[in-house]
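# Examination of the molecular architecture
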Number of protein chains: 2
Amino acid sequence: MQTYRINMKRRSTPTKEAVLDVITKTGKAMSQDAIEKKINIDINRATIYRVLNRFCEDGVLHKVVAEDGKQYFALCLDCDNIHKSINHFHFRCVKCETIECLPTEVNFSIPDKYTVQNVNCVLTGTCKDCF
Amino acid sequence: MQTYRINMKRRSTPTKEAVLDVITKTGKAMSQDAIEKKINIDINRATIYRVLNRFCEDGVLHKVVAEDGKQYFALCLDCDNIHKSINHFHFRCVKCETIECLPTEVNFSIPDKYTVQNVNCVLTGTCKDCF
DNA sequence: CTATTTAATGCGACTATGTTGCTTTAGAAG
DNA sequence: CTTCTAAAGCAACATAGTCGCATTAAATAG
């Protein structure tokens, strides 16, 4: 796997690799506790959060907050196109408790003098596998 | 023994009135701690949450979870039109730390076999007053 | 190779948000 | 007034996420 070292100062560590590996294989947005459960090595909670947030800073992952109030981290598959990577809907299945990125883009118009910095859109229900 | 009392109605209490009053006067979506700070009487934290959740059940308020992971409660102004009351964008201003309901409706299409039960869309940035 | 630098990690403490169980209070109906 | 029970208060608990600080270990210079 290629290193995602955008910032020269980042070091590649087993922890980073393991976290990214789990998220990649799962193919969904994952929370810290889900990652900790699924990972085969023992990584401290705080460390996982720091790794995840660093990945977000570097544009490797993006963060979504679901209606359960938890942060979920997903791969940025179209990170060359920032707009596309941020402004899409996410779907949270109440049955299998997973969150996935939908191909559906979020379109909106806002009143005058409003500035949007971030978009957080999550649809909740049952996914195609749990139908 | 009176077993005919099936419909247990809500009771009107000073707490309920006060909470609803604050939210109405503020005109925005409010979190529990914001309500507790702004209210003039002393109400227990758990009680405020219970009041708010009851209002949600009764269709008086609706709940949004912002990207800060907190629950915000706003008046349902068009609750006769369920679709409209749920599916609108919310705007969270990072400066004045308030959340308001936008008139912008959320439109989306989802893949086959997905069922949507809830929509949670929050835009974050600076509002017209903090511009 | 060793030595140095400092990013990354582990640990513990801490804050905040929200919920639950249990007891007490009080609203409304009889 | 009495009864029934929703609602409120309190305390404990659960979970999520962050932060300070000491230690570890990548990257690199020598």
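Keep in mind that what you see is a predicted model, and the values were worked out from it rather than measured. (Residues numbered from 1 in each chain as written. Chains lettered and ligands numbered in written order. Predicted model: local features only at pLDDT ≥ 70, side-chain atom pairs only at ≥ 80, totals over all residues. Heavy atoms only, no water.)

## Description of the overall build of chain A
Formally: Numbering goes from the N terminus for both helices and strands, where a helix is a DSSP run of H or I of at least four residues and a strand is a run of E of at least two. A 1.4 Å probe rolled over the protein chains alone gives each residue an accessible area, and that area as a share of the maximum for its type sets the label: buried under 20%, exposed over 50%, partly exposed in between. In what follows, a contact means two residues having at least one pair of non-hydrogen atoms within 4.5 Å. Residue-level accessible areas treat just the shown protein chains as cover; the underlying method is Shrake-Rupley with a 1.4 Å probe.
Scanning chain A for helices and strands turns up 4 helices and 5 strands. Helices (α) and strands (β) of chain A occur, in sequence order from the N terminus, as α-α-α-β-β-α-β-β-β. Across the 131 residues that make up chain A, the buried fraction comes to 42%. Contacts spanning at least 24 positions in sequence make up 50% of the contacts within chain A whose residues lie at least 6 apart. As presented, chain A carries roughly 7500 Å² of accessible surface, and 48% of it is formed by carbon and sulfur atoms.

## Side note on the packing of aromatic side chains
Two aromatic rings are characterised by how far apart their centres lie and by the angle between their planes. Filter applied, for reference: Note on ring pairs: Phe, Tyr and Trp rings are taken, using the six-membered ring of Trp, and paired if centres are within 6.5 Å. Classes follow the plane angle, with under 30 degrees stacked, over 60 edge-to-face and the rest tilted.
A full pass over the atoms with the stated rule returns 4 aromatic pairs over all chains. For the pair Y114 of chain A and F91 of chain B, a centre-to-centre distance of 4.8 Å together with 90° between the ring planes defines the contact as edge-to-face. Taken as a pair, Y114 of chain A in the loop between β4 (99–105) and β5 (115–126) and F91 of chain B in strand β3 (residues 88–93) lie in two separate chains rather than in one. Each member of the pair, Y114 of chain A together with F91 of chain B, is buried.

## So, the environment of P14 of chain A
Within the secondary structure layout, P14 of chain A lies in helix α1 (residues 14–26). Note on P14 of chain A: relative accessible area 60%, which makes it exposed.

## Looking at the interface of chain A and chain B
Rules: Here the quantity called buried area is the accessible surface, traced with a 1.4 Å probe, that two parts lose on coming together, added over both. A pairing counts as a salt bridge when a side-chain nitrogen of Lys or Arg comes within 4 Å of a carboxyl oxygen of Asp or Glu. Two N or O atoms count as a polar contact when they lie within 3.5 Å, although within protein this holds only if one can serve as hydrogen donor and the other as acceptor, and sequence-adjacent residues are included solely when both atoms are side-chain atoms.
Counting residues at the interface gives 34 residues for chain A, matched by 34 residues for chain B. Summed over both sides, the interface between chain A and chain B buries roughly 2800 Å², with carbon and sulfur atoms accounting for 59% of that surface. Counting every contact that joins chain A to chain B gives 0 salt bridges. Where chain A touches chain B, the interface holds 14 residue pairs in polar contact (both at pLDDT 80 or more).

## Let's talk about the sheet that holds β4 of chain A
Note: strands within a sheet are paired through backbone hydrogen bonds, in either parallel or antiparallel orientation. So the rule is basically this: Being paired, for any two strands, means DSSP has found at least two bridges between them. Inter-axis angles, ranging from 0 to 180 degrees, are taken between N-to-C directions of lines fitted to C-alpha atoms, where helices are fitted over the stretch in contact.
Spatially, β4(A)-β3(A)-β5(A)-β5(B)-β3(B)-β4(B) is the arrangement adopted by the 6 strands of the open sheet, whose pairing is mixed. Taken across any chain shown, the strands that pair with only one partner, and hence form the sheet edges, are β4 of chain A together with β4 (99–105) of chain B. Strand-to-strand, the axes of this sheet are offset by a mean angle of 30°, without reference to chain direction. Two elements, strand β3 (residues 88–93) of chain A and β5 of chain A, share 4 bridges in a ladder whose sense is parallel.

Worth remembering: the numbers are spatial, not functional.
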